[in-house]
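# Structural characterization, general
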Amino acid sequence: MRRDERGVTPQSEDFSAWYNELVFKAELVDRGPVRGTMVIRPYGYRMWELLQADIDRRIKETGHVNAYFPLLIPESYLQREAEHVEGFAPELAVVTHAGGKELEEPLIIRPTSETVIGEMMAKWISSHRDLPMLLNQWANVVRWELRPRMFLRTTEFLWQEGHTAHVDEVDAMRETLLALDLYARVAREVAAMPVVDGEKTASERFPGAVRTYTVEGMMRDGRALQSGTSHFLGSNFARAFNIQYTDENGEREYCQTTSWGMSARMIGGVIMTHGDDKGLVLPPLLAPYQVVIVPIGRGDQADQVLPPARELAERLTRAGIRTHVDTRTQLSPGFKFNDWELRGVPIRLELGPRDLAEGSALMSMRLGDGKAPVSLDSAPARLAFELTAFQDLLLRRATEFRDSHTATVNSWAEFTEAVKTGWARAFHCGLAECEEEIKAATTATPRVIPTDGAPEEGLCVRCNLPSAYGKRLIFGRSY
Ligand SMILES: [Zn+2]
């Protein structure tokens, strides 16, 4: 294969083409037979597994337990919460026939599981001693997608959904914010995505929620990606599904519930936060291979270099570094270098006869030019250090990018300019019609009311009415 068959359209030329080519060429995904569906290939799935393992650990450390609920939900369940069914109706896939005949009641393929879990909570909770109930499930869900995009919008996707029930609003809100914080930490500490956390405006709320919180990341085209959401549901679902408990005085009370989710969309976030013209740039904590060793030499030389390359890989693996030896003998080193660059491997090691004689290997980092010799003896410690430094570098670089593409604006002219290339921090009146006008004029929407935004008063950037939030909102175009 020639270089031009392997490379991708440069990100700087056409971001969208770059993304759409890269997910296939890096062998992350393939198209499913049904439009809008996605096959996750082993290289992409490994990234998801690494992310999933980290989220799962944090979920369990904060006292939640995993369970599993059915894929099929009776249609009547969704209809019990009016806003919920209205919000999801356009995206539902409905099973009307099964077992060779028409079903008496159609079944919904879950778009999310509040309803079926609510039904079970009503059965399992009777006393205040049963609370809080802290559940999580790892599952696939289906939301029919008319404009599919790999990882970002697919008809079926993988995620976790947390569902909890509490005695009162205070405890449920504490939980909602705990999940939000968990997502912010996962994004920053694992995916190296400097997300902004905070609340959504009313029009961006989850159908059936009282309050919705989000973590928003900035992609390298300046667009926002909603990367995880946490919802305070109040007693809306508790009333619809009769989730009640008996309090200490023997009174029956409705529970306050929450739900929260993070999905494989995060992989798309990682690609678009860190990738460059050459391809993927993976944070070491999510890289299927953190180090790839490319043995150099043909024929006899290859036979000489391969055993030490394997031995080095074993030592690195024992040190907890995910290492791969590229043994494809029919391909040139140049091709292999480009290939691993495209696939975002943080560190590449070249090992040739001359390096071997000197007891070293040549190291190249995925970002930055030049190669540096690394002594084979100290390689495990040195590479562990370099991987940590690379992870930190990605977060720092993405933070600088986000900050340099975020403008604090006070006029409509400044606003429209800012959202062309990034985010605008602006005052807003809080009216849904005004949000709609802004969206129609610029395609930008309010992404988040930042948790750590400084208290500030001013006039709406669009209509000049007083601001409704006591601080600036972040607006941007989004995925
Ligand atoms: Zn306004």
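Scroll up to find the structure.
This section reports on the structure supplied with the text. (Residues numbered from 1 in each chain as written. Predicted model: local features only at pLDDT ≥ 70, side-chain atom pairs only at ≥ 80, totals over all residues. Heavy atoms only, no water.)

## Topic: the overall build of the protein
Within the protein, the secondary structure is distributed over 15 helices and 23 strands. For a compact globule of 479 residues, the expected C-alpha radius of gyration is about 23 Å, and the protein comes in at 25 Å, within 12% of that figure. Expressed along its principal axes, the backbone C-alpha trace of the protein runs to roughly 80 × 60 × 45 Å. By the burial criterion, 53% of the 479 residues in the protein qualify as buried. Counting contacts in the protein only where the partners sit at least 6 residues apart, residues at least 24 apart contribute 68% of the total. Element-wise, carbon and sulfur atoms account for 50% of the exposed surface of the protein, whose accessible area totals about 21100 Å². Here the protein contributes 56 positive and 67 negative side-chain charges, whose respective centroids are spaced 5 Å apart. (Helix = DSSP H or I, 4+ residues; strand = E, 2+ residues; numbered from the N terminus. Rg over C-alpha atoms; globule rule 2.2 N^0.38 Å. Buried < 20%, exposed > 50% of the residue type's maximum accessible area, 1.4 Å probe, protein only. Contact = heavy atoms within 4.5 Å. Areas by Shrake-Rupley, 256 points an atom, 1.4 Å probe, with all protein chains shown as cover. Lys, Arg positive; Asp, Glu negative; His and termini not counted. Charge placed at Lys NZ, Arg CZ, Asp CG, Glu CD.)

## Considering the coordination of the zinc ion
Think of it this way: four donors in a tetrahedron around the metal ideally sit 109.5 degrees apart, and six in an octahedron ideally sit 90 or 180 degrees apart. Taken together, C429 (SG), C434 (SG), C460 (SG) and C463 (SG) make up the protein donors of the zinc ion, found 2.3 Å from the metal. Coordination at the zinc ion is tetrahedral: its four donor atoms span angles of 104 to 117 degrees at the metal. Between the donor residues of the zinc ion, the gaps in sequence give the motif C-x4-C-x25-C-x2-C. You can see C429 sitting in the loop between β21 (423–426) and α15 (432–442) and its partner C463 sitting in the loop between β22 (445–450) and β23 (473–476), a full 34 residues away along the chain. For C463, a relative accessible area of 33% puts it in the partly exposed group. (Donors = N, O, S within 2.8 Å, 3.2 Å for Na, K, Ca; no water. Tetrahedral: all angles 85-135°; square planar, octahedral: opposite > 155°, others 65-115°.)

## Points about helix α2 (residues 15–25)
Of the positions making up α2, those classed as buried are F15, A17, W18, Y19, L22 and V23. Here the buried face of α2 lies against β1 (29–31), α9 (265–274) and α11 (333–342). Sitting at the head of α2, D14 places a side-chain oxygen 3.2 Å from the backbone nitrogen of S16. Where α2 terminates, the next one or two residues include E27, which has phi positive at roughly 60 degrees. (Polar contact = N/O pair within 3.5 Å; in protein donor to acceptor, adjacent residues only side chain to side chain.)

## Looking at the pairing of β21
By the bridge criterion, three bridges tie strand β20 (residues 406–408) to β21 in an arrangement that is parallel. Bridge assignment links A407 to a residue of β21, and that residue is A424. Chirality of the crossover, the property in question, places the unit of β20, helix α14 (residues 412–421) and β21 among those that are right-handed. (Pairing = 2+ DSSP bridges. Right-handed = clockwise from strand over helix to strand, strands pointing away.)

## Topic: the sheet that holds strand β8 (residues 156–166)
As summarised here, the arrangement of the 11 strands in space is β3-β7-β8-β14-β11-β10-β9-β22-β23-β21-β20, forming an open sheet in which the pairing is mixed. Bordering the open sheet on either side are β3 (65–66) and β20, each of which pairs with just one other strand. Along the sheet, α9 makes contact with β10 (211–218), β11 (224–234) and β14 (256–263), crossing β11 at roughly 145 degrees. (Axes fitted to C-alpha atoms, helices over the stretch in contact; angles between N-to-C directions.)

## Let's talk about the packing of aromatic side chains
A complete count under the given rule lists 11 aromatic pairs for this structure. Taken together, a centroid distance of 6.1 Å and an interplanar angle of 50 degrees make the contact between Y43 and Y289 tilted. Note that Y43 is positioned in helix α3 (residues 42–61) and Y289 in the loop between α9 and β15 (291–295), a separation of 246 residues in sequence. Y43 gets classed as buried once you look at its relative accessible area, which sits at 6%. The exposure class assigned to Y289 is partly exposed, which follows from its relative accessible area of 25%. (Phe/Tyr/Trp six-rings, centres within 6.5 Å; stacked < 30°, edge-to-face > 60°.)

## What to know about the packing of α14 against α15
The axes of two packed helices give the description: the angle between them and the distance between them. The contact between α14 and α15 brings their axes to 11 Å, and the two run at 55 degrees. Looking at the two axes, α14 sits oblique to α15. Regarding α14 and α15, the two cross each other, and that crossing is right-handed. Along its contact with α14, which presents W412, F415, T416 and V419, the element α15 presents I438, A441 and T442. Of the residues in the contact of α14 with α15, the class split is five nonpolar, two polar and no charged. (Parallel < 35°, antiparallel > 145°, perpendicular 65-115°, else oblique. Left-handed = near helix turned anticlockwise from the far one by under 90°. Nonpolar A, V, L, I, M, F, W, Y, C, P; charged D, E, K, R; others polar.)

## Considering unusual backbone geometry
Residue P132 follows L131 across a cis peptide bond; omega there is -5 degrees. With respect to the element layout, P132 can be found in the loop between α6 (114–124) and β7 (133–142). Of note in this structure, E27 is not a glycine but carries a positive phi near 60 degrees. Along the chain, the position of E27 falls in the loop between α2 and β1. Positioned with a positive phi, T443 is a non-glycine residue whose angle comes to about 65 degrees. When you line up the elements, T443 lands in the loop between α15 and β22.

## Quick notes on the sheet that holds β15
As summarised here, the arrangement of the five strands in space is β16-β15-β17-β18-β19, forming an open sheet in which the pairing is mixed. Taken across any chain shown, the strands that pair with only one partner, and hence form the sheet edges, are β16 (323–325) and β19 (372–375). With strand direction ignored, the average angle separating the axes of adjacent strands in the sheet is 30 degrees. Each of β15, β16 and β17 (347–351) touches α11; the most contacted strand, β15, lies at about 170 degrees to it.

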